[in-house]
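Remarks on the overall topology
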Amino acid sequence: MTGFDDDKTVPDQPAPTNPALDAITPETAVMPERPPYAVEVKELRKTFGTREVLKGINLQIEKGSVAVVLGGSGMGKSVLMKHMIGLLKPTSGSVLIDGEDITKLGPLELKRVRSKFGMVFQQAALFDSMTNYDNVAFPLREHRKDMSVAQIDERVRYLMNLFSLDPDILGPRFPSEISGGQRKRVGLARAVALEPTIVLYDEPTTGLDPITTDQVDEMILQAKQSLGITSIVISHDIASAFKIADQILFVFEGEIVVRGSKEDCLASEHPFVKQFFATWTAKNA
Ligand SMILES: Nc1ncnc2c1ncn2[C@@H]1O[C@H](COP(=O)(O)OP(=O)(O)OP(=O)(O)O)[C@@H](O)[C@H]1O
Ligand SMILES: [Mg+2]
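Residues numbered from 1 in each chain as written. Chains lettered and ligands numbered in written order. Predicted model: local features only at pLDDT ≥ 70, side-chain atom pairs only at ≥ 80, totals over all residues.

A closer look at the overall build of the chain
Summing up its helical and strand segments, the chain has twelve helices and ten strands in all. The burial tally for the chain puts 32% of its 285 residues in the buried class. The contacts in the chain between residues at least 6 apart in sequence include a share of 66% that link residues at least 24 apart. (Helix = DSSP H or I, 4+ residues; strand = E, 2+ residues; numbered from the N terminus. Buried ≥ 20, exposed ≤ 12 C-beta atoms within 10 Å, placed from the backbone. Contact = placed C-beta atoms within 7 Å.)

Shown next, in the form of structure tokens:
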């Protein structure tokens, strides 16, 4: 490691002065503006009738990161997700997508914001009567009238290859003729065809065997690494959350009670969170 030793041969010199820098005082300094989060939620409350389902949610999701929303059933995870794409209006609070508050937007503007999102549902929700190739091509044929058949073909093949789906072998088959893990990957290839910047996954691994779960985890990481996609994953799967999450958001009765890393989750003193992770801790001790 001679590179570091070489530094010692540089004689000490007084720091160069720069009049322009000297003129900056704490009062005149302007902090460079940080780029907006992909998603930021501030003091979000939602009441249905007399029941408050979201009780002041605050969260920030960095662009290009993976956030996993964990929590028990009926705690408000799906309601939170629906606010992020403007399917529900909050009772109070704000939801910022790329820095833009979407809670006051009308239908047309919401449509524009929603085009930033891709969705991957639990059942993959593919069109069973179409081949896998046609499933991935579908959103492009519907929304990208500017693209030629050859351009669409190129993009479909790129996406299928990206998620380890051989377009020549698996493309002509129907969803019923491929495995559950492959169906999920076709679902994601279709969800990202229109180049969304954020993908929402509602319980992508629920009911899958461990190998398929692993493939889904890899696919989420691939979307992050190759396409720079921000992923928000609703899950019950602790192992998978620990594997893929840059940030875990634990929802309990409409509040986020843990926000952070695997270690933060395991160190939580919240009784429900402790109980939730107890099985995992016991298995992995
Ligand atoms: N449109 C609605 N009107 C009234 N109550 C609702 C509505 N949508 C959701 N709720 C209630 O809000 C609570 C939270 O529901 P939500 O679907 O967000 O739970 P969840 O955390 O996604 O649960 P799960 O893990 O079972 O999917 C539930 O008690 C549900 O009954
Ligand atoms: Mg739900």
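Some thoughts on the sheet that holds strand β10 (residues 255-260)
With mixed pairing, six strands are arranged side by side in an open sheet as β6-β7-β8-β3-β9-β10. Bordering the open sheet on either side are β6 (117-120) and β10, each of which pairs with just one other strand. Each adjacent strand pair in this sheet contributes to an overall mean axis angle of 20 degrees, direction not counted. Looking at chain direction, strand β9 (residues 247-252) and β10 are connected through five bridges and run antiparallel. (Pairing = 2+ DSSP bridges. Axes fitted to C-alpha atoms, helices over the stretch in contact; angles between N-to-C directions.)

Notes on unusual backbone geometry
A positive phi angle, close to 55 degrees, is found at Ser-164, a residue other than glycine. Tracing the backbone through its elements, the reader meets Ser-164 in the loop between α6 (149-162) and α7 (167-170). Ser-164 sits in the partly exposed class, given 14 other C-beta atoms within 10 Å. Backbone geometry places Glu-195, a non-glycine residue, at a positive phi of 55 degrees. Along the chain, Glu-195 falls in the loop between α8 (180-191) and β7 (198-202). C-beta crowding within 10 Å serves as the criterion here: with 12 such atoms nearby, Glu-195 is assigned to the exposed category.

Concerning the site of ligand 1
Every residue near ligand 1 is listed here: Phe-48, Val-53, Gly-71, Ser-73, Gly-74, Met-75, Gly-76, Lys-77, Ser-78 and Val-79. Counting residues per element, the shell around ligand 1 draws most heavily on helix α3 (residues 77-84), at three residues. The residue makeup of the shell around ligand 1, split by class, is four nonpolar, five polar and one charged. (Near = placed C-beta within 6 Å. Nonpolar A, V, L, I, M, F, W, Y, C, P; charged D, E, K, R; others polar.)

Re the packing of helix α5 (residues 132-143) against α8
Across the interface, α5 lies against α8 with an axial gap of 8 Å and an inter-helix angle of 25 degrees. Taken as axis vectors, α5 and α8 run roughly parallel relative to one another. By crossing handedness, the relation of α5 to α8 is classed as right-handed. Every residue of α8 that contacts α5 at Asn-132, Asn-135, Val-136, Phe-138 and Pro-139 is listed here: Val-186, Ala-189 and Arg-190. Of the residues contributing to the contact of α5 with α8, the split by class is five nonpolar, two polar and one charged. (Parallel < 35°, antiparallel > 145°, perpendicular 65-115°, else oblique. Left-handed = near helix turned anticlockwise from the far one by under 90°.)

Topic: helix α9 (residues 210-227)
With 18 residues, α9 extends 25 Å from end C-alpha to end C-alpha; this agrees with the ideal 26 Å at 1.5 Å per step. Positive phi shows up at Gly-228, right after α9, with a value of about 65 degrees. (Expected span 1.5 Å × (residues − 1).)

Digging into the confidence of the model for the chain
Per-residue confidence for the chain averages 87 on the pLDDT scale, and 88% of its residues sit at or above 70. Here residues 1-10 is modelled with pLDDT under 50, and outside its nearest four sequence neighbours on either side it reaches zero contacts, counting other chains as well. (pLDDT = per-residue confidence, 0-100.)

Some details on the packing of α5 against α6
The interhelical angle for the contact between α5 and α6, taken along N-to-C directions, is 130 degrees, at an axis separation of 10 Å. Between α5 and α6, the crossing angle belongs to the class labelled oblique. Note on packing geometry: the crossing formed by α5 with α6 is right-handed. Each of Tyr-133, Val-136, Ala-137, Leu-140 and Arg-141 in α5 lies in contact with α6, whose residues at this interface are Ile-152, Arg-155, Val-156, Leu-159 and Met-160. For the contact of α5 with α6, the residue count by class is eight nonpolar, no polar and two charged.

A few points about the pairing of strand β1 (residues 39-48)
Across eight bridges, β1 lies against strand β2 (residues 51-61) in antiparallel orientation. Counted as the bridge partner of Val-39 is Ile-61 from β2. Where β1 folds back on β2, the antiparallel hairpin that results is connected by two residues, among which Gly-49 adopts a positive phi of roughly 60 degrees. Where β1 lies against strand β4 (residues 92-97), five bridges are found, and the strand directions are antiparallel. Note that in β4 the partner of Val-41 across the bridge is Val-95.

Examining the pairing of β9
Across four bridges, strand β3 (residues 66-70) lies against β9 in parallel orientation. Along β9, the bridge assignment pairs Ala-67 with Gln-247. In this structure, the hairpin formed by β9 and β10 is closed by a connection of two residues, where Glu-253 is found at a positive phi of approximately 45 degrees.

Overview of α5
Buried within α5 we find Asn-132, Tyr-133, Asn-135, Val-136 and Ala-137. Elements that come into contact with the buried residues of α5 comprise α6, α7 and α8.

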